[in-house]
Amino acid sequence: MPYRRLNLRPTTRTASTPGRRGRRAGLCAVLLTGFVTTAFAAGAVGPAAAADTGTDTGTTPATAAAQGEARVTTAVLDLDHPATKPQVRGKDVPYDTASIVKVDILSALLLQAQDAGRGLTQQERTLAEAMIEHSDNDAANALWREIGQAPGLKAVNKRLGLSSTVGGTGGLWGLTRTTASDQIGLLRAVFAADGTASATRPALTTASRTYIRTLMTRIATDQSWGVSAASDSAWALKNGWLQRTTTGLWDVNSVGQVTSGTHHYLVAVLSDGNTSMATGIKTVENAARTAVTSARTAG
């Protein structure tokens, strides 16, 4: 199915807009200063975009936790050749989502509203926009409860063809586990012209897909890093980052759509075991560039 053009966020910066490096430095300074001695809580708002209440669940790989060895997995799908399989680099194993799960939460909210034959209420829209554009955790908490938490997410993901995503227990949506391939499936349900994760799965409506995509082009300036590094003209994304309380190491993830050359790519980059958020961002951006370059070369 051919790609349907969307007005993605351009990569060109204006003279009044800080460069990515300056924004990144400021963001990391705030994070490392404000949260280095405090575990992320599920109700935190602002730059802390994921939830960890202070109890390590054991989901961070033991080797990475012990040695500080970051691991990263990427998956890329060329939307202009959607019949091809995603190109995966690294082991396609589960990672903590941190705040990239917010795209999944919004997809679940929209599908449930579709099933009920209604649109989102104004309050739901306000929460959704805060959750995606600013990674607001209070908004995510409210919508996580509304969709039925992990069981609600599981029911929707089954319809979208996501087989390797497991919702976090209780209010810990940030500890949802997912694979790079599953994230490509979710992105395809949002960005592909037919709105399907596979040829046989039901889709989000055109209006629902457009709504999610639009919010992903409006990411707050201080959070517009990640897979956008692989784009040379336009992008839409959602990032997630989480410091594990028992190890001090960071999960840093980024998913979205980028434009490179004349093609449009869905990109998912998952990483953990990073020694700092800044290092994690660098790892994710380098991996995104390499993965998209490889996909372009493959044609």
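These remarks concern the structure in this document. (Residues numbered from 1 in each chain as written. Predicted model: local features only at pLDDT ≥ 70, side-chain atom pairs only at ≥ 80, totals over all residues. Heavy atoms only, no water.)

All right, on to the packing of aromatic side chains then. The final tally for this structure, using the stated rule, is 1 aromatic pair. Taken together, a centroid distance of 5.6 Å and an interplanar angle of 55° make the contact between Trp-225 and Trp-241 tilted. Note that Trp-225 is positioned in the loop between α8 (206-216) and β6 (234-243) and Trp-241 in strand β6, a separation of 16 residues in sequence. Taking the ring centre of Tyr-95 as reference, the NZ or CZ of Arg-71 above it sits at 4.2 Å. Positioned over the ring face of Tyr-211 is Arg-125, at 4.6 Å from the centre of the ring. (Phe/Tyr/Trp six-rings, centres within 6.5 Å; stacked < 30°, edge-to-face > 60°. Helix = DSSP H or I, 4+ residues; strand = E, 2+ residues; numbered from the N terminus. Lys NZ or Arg CZ within 6 Å of the ring centre and 35° of its normal.)

Judged by nonpolar contacts, the single largest core of 69 residues is most densely connected at Leu-106 and Val-267. The biggest single contributor to this core is helix α3 (residues 101-115), with 9 residues. (Core = buried A, V, L, I, M, F, W, Y, C linked by side-chain atoms within 4.5 Å. Buried < 20%, exposed > 50% of the residue type's maximum accessible area, 1.4 Å probe, protein only.)

Along the chain, Gln-243 turns up in strand β6. A distance of 3.0 Å separates a polar side-chain atom of Gln-243 from the backbone oxygen of Gly-248. (Polar contact = N/O pair within 3.5 Å; in protein donor to acceptor, adjacent residues only side chain to side chain.)

Mapped onto the fold, Asp-136 is located in the loop between α4 (122-133) and α5 (137-146). Take Asp-136: its relative accessible area is 17%, and that puts it in the buried class. Considered as a pair, Asp-136 and Lys-102 are 34 residues apart in the sequence and their alpha carbons are 9.7 Å apart.

Note on placement: Ala-108 falls in helix α3. The exposure class assigned to Ala-108 is buried, which follows from its relative accessible area of 0%. With residues near it in sequence (within four places) discarded, Ala-108 still touches Ile-147, Leu-153 and Val-156. (Contact = heavy atoms within 4.5 Å.)

To continue, consider the pairing of strand β8 (residues 263-274). Of all the 12 residues making up β8, 12 are buried; the element is thus mostly covered by neighbouring parts of the structure. Examined bridge by bridge, strand β2 (residues 71-78) and β8 share 8 bridges and lie antiparallel to one another. Its bridge partner lying in β8, Thr-74 is registered against Val-269. Pairing of strand β7 (residues 250-260) with β8 involves 10 bridges; the strand directions are antiparallel. Looking across to β8, one finds that Trp-250 is bridged to Asn-274. Between β7 and the antiparallel strand that follows it, β8, lie 2 residues; Gly-261 among them carries a positive phi value of about 65°. (Pairing = 2+ DSSP bridges.)

Each pair of packed helices gets described by two things: the angle between the helix axes and the distance between those axes. Where α3 contacts α5, the two axes come as close as 10 Å, and the packing angle between them is 45°. Looking at the two axes, α3 sits oblique to α5. Like other packed secondary-structure pairs, α3 and α5 cross with a definite hand, here left-handed. Residues Lys-102, Ile-105, Leu-109 and Gln-112 of α3 form the contact with α5, whose participating residues are Asn-137, Ala-140, Leu-143, Trp-144 and Glu-146. (Axes fitted to C-alpha atoms, helices over the stretch in contact; angles between N-to-C directions. Parallel < 35°, antiparallel > 145°, perpendicular 65-115°, else oblique. Left-handed = near helix turned anticlockwise from the far one by under 90°.)

Let us look at the pattern of salt bridges. Evaluation of the coordinates by the stated rule reveals 7 salt bridges. The salt bridge partner of Arg-159 is Asp-115, with a shortest N-O separation of 2.7 Å. In this pair, Arg-159 is assigned in helix α6 (residues 149-160) and Asp-115 in helix α3, connecting sequence segments 44 residues apart. Between Arg-218 and Glu-133 there is a salt bridge, with the nearest N and O atoms lying 3.9 Å from each other. In this pair, Arg-218 sits in the loop between α8 and β6 while Glu-133 sits in helix α4, placing the two residues 85 residues apart along the sequence. Judged by its relative accessible area of 13%, Glu-133 is buried. (Salt bridge = Lys/Arg side-chain N within 4 Å of Asp/Glu carboxyl O.)

Outside of glycine, negative phi angles account for most residues, and trans bonds account for most peptide bonds. Its identity is not glycine, yet Ala-98 carries a phi of approximately 50°, on the positive side. Turning to its location among the elements, Ala-98 is positioned in the loop between β4 (95-96) and α3. Phi angles above zero are rare outside glycine, and Ser-135 is one such case at about 55°. Locating Ser-135 in the fold gives a position in the loop between α4 and α5. The class of Ser-135 is buried, set by a relative accessible area of 0%.

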